[in-house]
Amino acid sequence: MGKRNCEIVGTVTYREGDGVEMEVPKGSCQIEVTDLDATLSWTDGESHGSAAMALQDYERFVSEGALKLD
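Residues numbered from 1 in each chain as written. Predicted model: local features only at pLDDT ≥ 70, side-chain atom pairs only at ≥ 80, totals over all residues. Heavy atoms only, no water.

A.B. asks: Please provide a residue-by-residue account of the packing of aromatic side chains, values included.
C.D. replies: All told, the structure shown has one aromatic pair when counted by the stated rule. Taking 5.7 Å as the distance between ring centres and 55 degrees as the angle between the ring planes, the aromatic pair formed by Tyr 14 and Trp 42 counts as tilted. Remark: Trp 42 occurs in strand E5 (residues 37-44) and Tyr 14 occurs in strand E2 (residues 13-15); sequence separation between them is 28 residues. The same class applies to Tyr 14 and to Trp 42, which are both buried. The residue whose ring lies beneath Arg 60 is Phe 61, and the NZ or CZ to ring-centre distance is 4.6 Å. (Phe/Tyr/Trp six-rings, centres within 6.5 Å; stacked < 30°, edge-to-face > 60°. Helix = DSSP H or I, 4+ residues; strand = E, 2+ residues; numbered from the N terminus. Buried < 20%, exposed > 50% of the residue type's maximum accessible area, 1.4 Å probe, protein only. Lys NZ or Arg CZ within 6 Å of the ring centre and 35° of its normal.)

Structural data, given as structure tokens:
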């Protein structure tokens, strides 16, 4: 499916392991969707982040309008 550019315009969260939910910062990012999951990559100032999420969470963020695909 490849990488796509997208924009975080609403609340998009992910969980690291069994930890608390963390919010992806609003702004530009890239997403790579596979048959198993979706991985977001972003830059926030000088720090870089990435998060994998279940496809159902990714689809929910897109349908809610929090994640806009280019």
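A.B. asks: Which residues make up the sheet that holds strand E4 (residues 27-33), and what values go with them?
C.D. replies: Spatial strand order, E6-E5-E4-E1-E7: five strands in an open sheet with antiparallel pairing. Edge positions in the sheet fall to strand E6 (47-54) and strand E7 (67-69), since each of these pairs with one other strand and no more. Between one strand axis and the next, the sheet turns by 30 degrees as a mean value, whatever way the strands run. Taken together, the five bridges between E4 and E5 define a ladder with antiparallel strand orientation. Across the sheet, the residue bridging to Cys 29 is Trp 42, located in E5. Packed onto the sheet, helix H1 (residues 55-64) meets E4, E5, E6 and E7 and runs at close to 110 degrees relative to E6. (Pairing = 2+ DSSP bridges. Axes fitted to C-alpha atoms, helices over the stretch in contact; angles between N-to-C directions. Contact = heavy atoms within 4.5 Å.)

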